[in-house]
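This is what each chain is made of:
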Amino acid sequence: DLPQPPRANFYQGNWPQMKAAQDQNKLFDMFGEWVDQYGETILFWRQSAPKYFTADPDLVKAILTEISLFAKTHAIPNRTLFGQRMTGTSSFLTVQDGEVWAIKRRAMSPYFSKIHMTGMFDKCHDYIQRGLERQFSEVALGKTHVDIVEFYGELYQFFLGALGFDLGCNFVSDNAKFHNDVIQGVLKWAPQQFGNTTDVLKMRVSKDVNTVICGVSKLRTICRYILDQKIKEYKEKGPQPDDILHHVITANQMYLEHINTEYDSHYVEKLMTYMTDDVLTIFLVIDNMAKTLSNLLVRVMREPRVYGKMVAEIRAAELGDLQTMDKTLRYTEMVILETLRLHPTLMRGIRVTKNMTTELNKGLTIHGKGMIFFGQLVLHRSSKYWKDPYEFLPERWETGSKGITPFTYLPFVAGPRVCMGKHLAMLSMKLALAYTFKKHDMRPVPGEEKDMDWDYRFTIVRPSAGYNAIFTKAETENEK
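Summarised in this report is the structure supplied together with it. Computed from a predicted model, the values in this text were never measured in an experiment.

Parameters and conventions
- Residues numbered from 1 in each chain as written.
- Predicted model: local features only at pLDDT ≥ 70, side-chain atom pairs only at ≥ 80, totals over all residues.
- Heavy atoms only, no water.
- Helix = DSSP H or I, 4+ residues; strand = E, 2+ residues; numbered from the N terminus.
- Rg over C-alpha atoms; globule rule 2.2 N^0.38 Å.
- Buried < 20%, exposed > 50% of the residue type's maximum accessible area, 1.4 Å probe, protein only.
- Contact = heavy atoms within 4.5 Å.
- Areas by Shrake-Rupley, 256 points an atom, 1.4 Å probe, with all protein chains shown as cover.
- Axes fitted to C-alpha atoms, helices over the stretch in contact; angles between N-to-C directions.
- Parallel < 35°, antiparallel > 145°, perpendicular 65-115°, else oblique.
- Nonpolar A, V, L, I, M, F, W, Y, C, P; charged D, E, K, R; others polar.
- Pairing = 2+ DSSP bridges.
- Salt bridge = Lys/Arg side-chain N within 4 Å of Asp/Glu carboxyl O.
- Core = buried A, V, L, I, M, F, W, Y, C linked by side-chain atoms within 4.5 Å.

**Things to note about the overall build of the protein chain**
Of the regular secondary structure elements, the protein chain holds 16 helices and 14 strands. Radius of gyration (C-alpha) of the protein chain: 23 Å, near the 23 Å computed for a compact globule of 480 residues. Its C-alpha atoms give the protein chain principal-axis dimensions of about 70 × 60 × 50 Å. For the protein chain, buried positions account for 55% of its 480 residues. Partitioning the intrachain contacts of the protein chain with sequence separation of at least 6 by distance along the chain shows that 74% fall at a separation of at least 24. If you sum the accessible surface of the protein chain, you get close to 21,600 Å²; carbon and sulfur atoms cover 53% of it.

**Quick notes on the packing of helix α12 (residues 304-316) against helix α16 (residues 422-437)**
α16 packs onto α12 with a crossing angle of 90° between their chain directions and a minimal axis gap of 9 Å. The orientation of α12 relative to α16 falls into the category roughly perpendicular. Residues Tyr-307, Met-310, Val-311, Ile-314 and Arg-315 of α12 form the contact with α16, whose participating residues are Leu-433, Ala-434 and Phe-437. Grouping the amino acids of the contact of α12 with α16 by side-chain chemistry returns 7 nonpolar, no polar and 1 charged.

**With respect to the environment of Leu-393**
By the secondary structure assignment, Leu-393 is in the loop between α15 (376-379) and α16. Here Leu-393 falls in the partly exposed class, since its relative accessible area comes to 30%. The residues contacting Leu-393, other than those within four sequence positions of it, are Arg-305, Glu-338 and Asp-388.

**Points about the sheet that holds strand β10 (residues 371-375)**
Overall, mixed pairing links the 5 strands, which are arranged β1-β2-β10-β7-β3 in an open sheet. Because the sheet does not close on itself, it has two edges, and the strands there are β1 (41-46) and β3 (70-71). Packed on one face of the sheet, helix α3 (residues 57-65) meets β1, β2 (49-54), β3, β7 (348-353) and β10 and runs near 120° to β10.

**Regarding the pattern of salt bridges**
Summed over all chains, the structure comprises 26 salt bridges. Linking Asp-441 and Arg-315 is a salt bridge whose minimum nitrogen-to-oxygen distance equals 2.8 Å. Remark: Arg-315 occurs in helix α12 and Asp-441 occurs in strand β11 (residues 440-444); sequence separation between them is 126 residues. When its relative accessible area of 16% is taken as the criterion, Asp-441 is described as buried. Relative accessible area serves as the criterion here: at 28%, Arg-315 is assigned to the partly exposed category. When the shortest N-O distance is used, the salt bridge between Glu-333 and Lys-430 registers 2.7 Å. Of this pair, Glu-333 sits in helix α14 (residues 330-342) while Lys-430 sits in helix α16, and the two are 97 residues apart along the sequence. Taking relative accessible area as the criterion, Lys-430 reaches 2% and is therefore assigned buried. Here the salt bridges do not stand alone but share partners, grouping Lys-114, Asp-326, Arg-330, Glu-333 and Lys-430 into one network.

**Considering the nonpolar core**
Where a protein is soluble and globular, its nonpolar side chains tend to be buried together. Ranked by internal contacts, the top residues of the largest apolar core, which has 152 residues, are Tyr-152, Tyr-156, Phe-159, Leu-163, Phe-165 and Phe-283. Not counting the four nearest positions on each side in its chain, Tyr-152 is found in contact with Leu-132, Ala-290, Leu-293, Leu-297, Thr-436 and Phe-471.

See below:
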């Protein structure tokens, strides 16, 4: 009894249309058209399997908050790369089991609170400032064509040192380039390992793919070494509130206490594997902040009005503490929010129904257990909820979220599983923009002044055109 677009044929369902749209980087455009034509909640077919998609804010709210009806799916891929374990299914971000998730969340959440970020400000400030000084030391101003995806990806791998990864000796920050190469390789190849058989076989023997697989293996070894050191430190000094890895250890200890499991050697090794999943998850998700910055910069380089207003604010801003920075970078925050609207880091979410019959709103029902998708990219660009939805207008955020229909803006998702790291993300991105533009200007490389596009084919949104930039020394008022 759900509306649905016509199937290409009985056996393949809507898969041919979806595959063609995906190949053209227009899958979510097609879902947006289906929603406009058939209704905000639709049924579609992937081969013979029925799936569901919604852009109805009321249903999205239920999906994200009614944990007795909807659960995270166990079928999400990309937790291994051709058999090489990456994040598994047990890290504090990927775990599906409700009890385990609640325990880990309870231990991790205090670290990411706004109050704790206030205390972390000086350390974050120091790492972002030093990281950018390090990055710019390798840039010939006015000459080097800088790939901003790589540039800010490496900055954020350096930034992990602020969270406790450096072991007091720049252990991670000094190796930021290698870590970033591995992470960018994972983000490139992991989503593609589920293509057609011929392409997958070619990938499996590809030198580039196998280099990434080896890199992931080495990075997991690094994660394990960091954990060994942190466990010793934890036992000697007790948990330190400013160390994210101490929170990881606490979360897993709380889980052990909950299930009352004996500490035999087999289970200890299993637990170390789970904690390694947690640590590698942090290596991966910190790059989401870098991707958002890249998306923002590709856009504002080609929006002179927005660029000028943001840069002027940054150069007058005070960065002494979090509260002062937030007050003096209000427009910059609006630019970030608008970037996350048009280019959300995550394009869609997935849940599965827990019961054999699930009553939805508006008289709709899912019979049997089913998978339902909700599309941030569709909601964020719907003319039903946004005026001039495809225009980049930071000013729409002048009154904050006032006037925004609830559950139509989901860059950090919402509900019990709302992104824990949103305050850290906003803090670090503001600092990164501030220390980029306090001393530098940027422009597109010659010939790419109008080039601007994004890759929406895979899980994480990233620029696919226009991401090369030239940095120059900032002009002072006297020089102007």
